[in-house]
Amino acid sequence: MRTKAVEVNMPMLAVRGLVVFPGAVMHFDVSRERSETALKAALSDDKLIFLTAQRDNSVEEPEIKDLYQIGTVAEILQILKTPDNITRVLVEGKYRAKLVNIDKSKPHLAADIKKMPNCIRSKGEDVETDAVIRAIKTAFEQYCRYMPKMPKELVVSVLNENDPEKFFDAVTHNIVLPVEDKQALLEENYLISRLGMLLAMLSREVEVLDIEYSIQNKVREQIDNGQREYYLREQMRAIASQLGEDESVQDEVEDYTDRIEELKLAPEIEEKLMREVYRLMKMSPSSQEAFVVRNYLDTILELPWNKTTKDKTDVVKARAQLDKDHFGMEKVKDRIVENIAVRALQPELKGQIICLVGPPGVGKTSIGKSIAKALGRNYARVSLGGIRDEADIRGHRKTYVGAMPGRIITAVKNAGSSNPLILLDEIDKMTSDMRGDPSSALLEVLDSEQNNTFRDHFIEVPFDLSNVLFVTTANTTQTIDAPLLDRMEVIELTSYTREEKFHIAKEHLIPKQLKKHGLKASMLKIADSAVYAVIDSYTKEAGVRSLERVIASLCRKAAKEIVADEVKKVSVTAKNIEKYLGVKKYLDDDLAKKNEVGVVNGLAWTSVGGVIMPLEAIVLDGKGTIETTGSLGDVMKESAKLAVSYVRSVASKYGISPDFYKDKDIHIHAPEGATPKDGPSAGVTMTTALVSALSGIPVRCDIAMTGEITLHGKVLPIGGLREKTMAAYKAGMKTVIIPKGNKGDLEEVDETVKNGLNFIYAETLTDVLDNALAGKPSDIKKKKEEIIIPPVKTDGHASENSLRS
């Protein structure tokens, strides 16, 4: 007993020129608004949608009479939006269904449908089915002979299919039939009838293709005769051109000749170009080779061979321009101003190749355009990130299809002058593979002794790059080949300090974001305290990209308040900033508020700036082992051993037991434990912590220190002083102990920091300990003598207190 099919309501698409079968995976484009709404409705439910073909493709708003009654329920697999705003849908047919009624109560196309069986197979038809399948296979083989693009593997897989239903689906999916025929196949319920209809349709299609093929052969023969006639005519035209009878070709040749002579190139270059012009004159104007030669000549003649811009030599204006565009970057600005000054005295100066190395976001790329503006030069940028083909630098030979010049020559052409500033961005991101090494190709480009005769593979003639000012950028020099690095003058750009970020935000980022978001300065007021709060608590970076994003977030929230709440002005301060940005992402370091034993404030450098690195030391009963924790590197562990050896040499001076290295365990820890730490600059910090822990003398909590140590107690210079001192100033330190050898580096330290800190220049560890310890050894010794310790029964081992006494 058959059960009555239940009507189901679901979204519907009326497709044009397409029939979807159950089991088929197909894609099609949707442009009608109601159809897109139906897709969204299906996606929000179970992704099922009813697809039925239109009878007339020109109908924009189809009614039930305009649609075929039998369609397919399909599942939506994927939806993409193309650049021309057309929706592309990928679906898979699930089962057949019959259209009962169109539901007009919904904003999208919807229909009431009844599910139908995909196929009905009758008993006793196996022999007839096999016969029809064989006939279809024969017709399909004939069909594939006329379809040379049909993959052989596909043909073999279809012919080897023995299941009647799967065979029907495979053939139907891979042949081209009219929509009416495919709809008739879809509407047929019985398998044997479907196969018979498919055989009739396929046989008719083969007959049509056979006739079409015969017609094409006749046309091809006619075309061949026409080509022969065309070739003879082109020969006649070439002869006429030699005699000056073809005006169009002659005019083109004269135009190229005049342009070459106007450039006044070197004799060998002019001779090469004239040979190409003579070759072009002998070719057919419409031939492929003529197109290649014409493209070659146009590319070379468009290069700025003798076009130059005059350099600006006013150093004051140039410095003002650089200061206007960027805050800080004193080394880069000084180098550019020096370059301008030298060019004022020696205009023929060449070989200027500068490499700006620094962390992301510090303005390496943007400073390039500012330098070009200050020098009065044209500007072009070449991105080298991810390049792994030598042809990207040197170009392709013009004989290849689609050949073009390399990026260097293209940049010069786009700049429009032979002496531009070319920024080679991300030079450390280049890689190499079997197609060549772009770094090796750049060796000639960036060598002032060779680049005056740079030969691109496409133009095949030397081009002078010696007047080009190359500026390269990189995040690190470790991935740059040594020969390439040797050709560049490296300028290190460190991370921005807190004060620099503040000035950049106030002078550049906030005005830029206010303008971008349509706000006036009177509508949004960001207090200085709020800017510092953003820098300290919501960003942690070397550059200012995240800072700019946070400022943009404040502008958006202010715009929302102004528009929604009709507020005329929004003020952001340190007190209410959490209202706009949420809880603080980065908290201040948990530093000691009072003098403690064995706790010292060290200073460390990171890629995002300097930080306070508290170092803790504790002494325990044991066997003389030294334990270091806090993800310390090998260099820091060696510094700990150095510190222990030094403390042993001065133990008597600080009232320390001379045998502490035998019967005491020393544990040194550097929070935060998950952050790897390494480097020699923690030597003075470790030594101070050990002396304090072993002697019981507290360390001043308002003092921070940095410096490398030697076995004899000398304090050696370190790096990153600018960032470290900014961290100490931010943390509220009053005194910073630095190596005496770093005294000259204070010139790079921010004036605010220098005025807010007291600097002590240590030459030896004695200088460090005398200033860092909150007490003298004699005071501790006197205090210990006043303490009377009662005898304590032990099991043979002394307690920690008795050993310290």
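Parameters and conventions
- Residues numbered from 1 in each chain as written.
- Predicted model: local features only at pLDDT ≥ 70, side-chain atom pairs only at ≥ 80, totals over all residues.
- Heavy atoms only, no water.
- Helix = DSSP H or I, 4+ residues; strand = E, 2+ residues; numbered from the N terminus.
- Buried < 20%, exposed > 50% of the residue type's maximum accessible area, 1.4 Å probe, protein only.
- Contact = heavy atoms within 4.5 Å.
- Areas by Shrake-Rupley, 256 points an atom, 1.4 Å probe, with all protein chains shown as cover.
- Pairing = 2+ DSSP bridges.
- Axes fitted to C-alpha atoms, helices over the stretch in contact; angles between N-to-C directions.
- Parallel < 35°, antiparallel > 145°, perpendicular 65-115°, else oblique.
- Left-handed = near helix turned anticlockwise from the far one by under 90°.
- Nonpolar A, V, L, I, M, F, W, Y, C, P; charged D, E, K, R; others polar.
- Phe/Tyr/Trp six-rings, centres within 6.5 Å; stacked < 30°, edge-to-face > 60°.
- Lys NZ or Arg CZ within 6 Å of the ring centre and 35° of its normal.
- Core = buried A, V, L, I, M, F, W, Y, C linked by side-chain atoms within 4.5 Å.
- 1 Å grid on protein atoms, 1.4 Å probe; cavity = no way out; pocket = protein on both sides within 12 Å on 5 of 7 lines; lining within 4 Å.
- Points joined across faces, edges and corners; volume = space filled by probe spheres on them.
- Salt bridge = Lys/Arg side-chain N within 4 Å of Asp/Glu carboxyl O.
- Patch = residues over 30% accessible without salt bridge, like charges linked within 9 Å, V, L, I, M, F, W, Y side chains within 5 Å.
- Lys, Arg positive; Asp, Glu negative; His and termini not counted.
- Charge placed at Lys NZ, Arg CZ, Asp CG, Glu CD.
- Arc of directions from axis to C-beta.
- pLDDT = per-residue confidence, 0-100.

**Q** I keep staring at the overall build of the chain and nothing clicks. Help me out?
**A** Each helix and strand counted, the chain has 28 helices and 24 strands in total. Viewed in the frame of its principal axes, the chain has a C-alpha envelope of about 120 × 95 × 65 Å. Relative to its full complement of 805 residues, the chain shows a buried share of 45%. Long-range contacts, defined as pairs at least 24 residues apart, comprise 73% of the intrachain contacts of the chain with a sequence gap of at least 6. Of the roughly 42700 Å² of accessible surface on the chain, 51% is carried by carbon and sulfur atoms.

**Q** Can you walk me through the pairing of strand β1 (residues 7–15) in this structure?
**A** Regular strands place their side chains on alternate faces of the sheet. As defined by bridge partners, β1 adjoins strand β6 (residues 110–116) across five bridges and the pair is classed as antiparallel. Considered in β6, the bridge of Pro11 is made with Ala110. Relative to strand β3 (residues 48–53), β1 is paired through four bridges, and the arrangement is parallel. What sits directly across from Ala14, in β3, is Thr52.

**Q** Where do I start with the packing of helix α21 (residues 634–649) against helix α23 (residues 683–695) in this structure?
**A** When two helices pack together, their arrangement is given by the angle between the helix axes and by the axis-to-axis distance. Contact geometry of α21 with α23 gives a least axis separation of 9 Å together with a crossing angle of 45°. Taken together, the axis directions place α21 and α23 in an arrangement best described as oblique. Every pair of crossing elements has a handedness; the one defined by α21 and α23 is right-handed. Counted together, Met636, Ser639, Ala640, Ala643, Val644, Tyr646 and Val647 of α21 and Gly683, Met686, Thr687, Leu690, Val691 and Leu694 of α23 form the full contact between these two elements. Its residues assigned to classes, the contact of α21 with α23 shows 10 nonpolar, three polar and no charged.

**Q** In this structure, what is going on with the environment of Thr138? I would like to understand it.
**A** With respect to the element layout, Thr138 can be found in helix α2 (residues 126–145). Spatially, the C-alpha atoms of Thr138 and Val8 are 42 Å apart, while their sequence positions differ by 130 residues.

**Q** What exactly am I supposed to notice about the sheet that holds strand β19 (residues 664–669) here?
**A** In any sheet, the strands associate via hydrogen bonds between backbone groups, in a parallel or an antiparallel arrangement. Across the sheet, which stays open at both edges, the seven strands sit in the order β18-β19-β17-β16-β20-β23-β24 with mixed pairing between neighbours. Two strands bound the open sheet, and with one partner strand each, they are β18 (626–629) and β24 (758–762). This sheet shows a mean twist of 30° between the axes of neighbouring strands, independent of strand direction. The sheet strands contacting helix α24 (residues 721–730) are β16 (599–606), β17 (609–621), β20 (703–705), β23 (735–739) and β24, and the helix crosses β17 at an angle near 75°.

**Q** What is the right way to look at the packing of aromatic side chains in this model?
**A** Aromatic rings in a pair are described by how distant their centres are and how their planes are angled relative to each other. On inspection of all chains with the given rule, the structure shows five aromatic pairs. Ring centres of Phe660 and Tyr661 lie 6.3 Å apart, and the angle between their planes is 90°; this geometry places the pair in the edge-to-face category. According to the relative accessible area criterion, Phe660 is buried, its value standing at 2%. Across the ring face of Tyr661, the terminal group of Arg648 is positioned such that the distance to the ring centre comes to 3.5 Å. Of note, Lys743 hangs over the ring of Tyr761, and the distance from its end group to the ring centre comes to 5.0 Å.

**Q** Got a minute to help me understand the nonpolar core in this structure?
**A** When a protein is soluble and globular, its nonpolar side chains tend to lie buried together. Judged by nonpolar contacts, the single largest core of 54 residues is most densely connected at Ile427 and Leu442. In this structure, Ile427 is in contact with Leu384, Leu442, Leu446, Thr472, Thr473, Ala474, Ile480, Leu484 and Met488, ignoring residues within four places of it in sequence. Judged by nonpolar contacts, the second largest core, of 51 residues, contains Leu322, Val337, Leu421 and Val471.

**Q** I tried to follow the layout of surface pockets on my own but got confused; where do I start?
**A** In this approach a probe as big as a water molecule rolls over the atoms, and the regions it shows empty are the leftover space. By volume, the second largest pocket is sized at about 910 Å³. Lining the second largest pocket are 41 residues, with Lys331, Thr494, Glu500, Arg722 and Glu748 sitting closest to its centre. Those elements that provide at least two residues to the lining of the second largest pocket are α11 (330–345), α17 (498–516), α24 and α25 (751–756). If one sorts the elements of the lining of the second largest pocket by residue count, α11 sits on top with four residues. Of the residues that constitute the lining of the second largest pocket, the class distribution is 11 nonpolar, 14 polar and 16 charged.

**Q** I keep staring at the pattern of salt bridges and nothing clicks. Help me out?
**A** When the charged atoms of two side chains lie near each other, side chains of opposite charge can form a pair. Applying the stated rule across the entire model yields 42 salt bridges. Among the salt bridges present, the one from Glu271 reaches Arg275, with a minimum N-O distance of 3.5 Å. You can see Glu271 and its partner Arg275 sitting in helix α8 (residues 267–282), four residues apart, about one turn around the helix. Take Arg275: its relative accessible area is 45%, and that puts it in the partly exposed class. Measuring nitrogen to oxygen at the nearest pair gives 2.6 Å for the salt bridge that ties Glu289 to Arg279. Here the residue Glu289 occupies a position in helix α9 (residues 288–301), and Arg279 occupies one in helix α8, the gap between them amounting to 10 residues. Residue class for Glu289 comes out partly exposed when judged on its relative accessible area of 44%. Each of Lys272, Glu276, Arg279, Glu289 and Glu460 takes part in a single network of salt bridges with overlapping partners.

**Q** Sorry if this is basic, but what is going on with a negative patch on the surface here?
**A** On the surface, a cluster of negative charge is contributed by Asp251, Glu254, Asp258, Glu261 and Glu262. Within the secondary structure, Glu261 is located in helix α7 (residues 247–263). The class for Glu261 is partly exposed, based on a relative accessible area of 46%.

**Q** Would you mind showing me how to read unusual backbone geometry here?
**A** Keep in mind that most residues, glycine aside, have a negative phi and that most peptide bonds are trans. At Lys264, a position not held by glycine, the phi torsion is positive, near 55°. On the secondary structure map, Lys264 appears in the loop between α7 and α8. For Lys264, a relative accessible area of 71% puts it in the exposed group. Unlike most non-glycine residues, Glu460 shows phi in positive territory, near 65°. Mapped onto the fold, Glu460 is located in the loop between β10 (454–455) and β11 (462–463).

**Q** Sorry, what's going on with helix α3 (residues 152–159) here?
**A** Turn by turn, an α-helix covers 3.6 residues, leaving residues three or four places apart pointing in a common direction. Considered for burial, the residues of α3 that qualify are Val155, Val158 and Leu159. Along the long axis of α3, the arc covered by the buried residues comes to 95°, so they all point the same way. For α3, the elements touching its buried residues are α2 and α4 (164–173).

**Q** For this particular structure, what's the right way to read the confidence of the model for the chain?
**A** In low-pLDDT segments, the atomic positions of the prediction should not be examined closely. The predicted model of the chain has a mean per-residue pLDDT of 82, with 91% of residues at 70 or higher. Within the model, the stretch residues 783–805 combines pLDDT values under 50 with 16 contacts to residues more than four positions away or in other chains.

**Q** Please explain a nonpolar patch on the surface as it appears in this structure.
**A** A cluster of nonpolar side chains, namely Ile211, Ile215, Val219 and Ile223, defines an oily patch on the protein surface of about 360 Å² accessible area. One can find Ile211 in helix α6 (residues 191–242). Under the relative-accessibility criterion, Ile211 is labelled exposed at 53%.

**Q** When you look at a positive patch on the surface in this model, what are you seeing that I'm missing?
**A** A cluster of basic residues, Lys312, Lys317, Lys324, Lys369 and Lys373, forms a positive patch at the surface. Looking at the positive patch, the elements that each hand over two or more residues are α10 (315–325) and α12 (364–375). Turning to its location among the elements, Lys312 is positioned in the loop between α9 and α10. With relative accessibility at 45%, the residue Lys312 sits in the partly exposed group.

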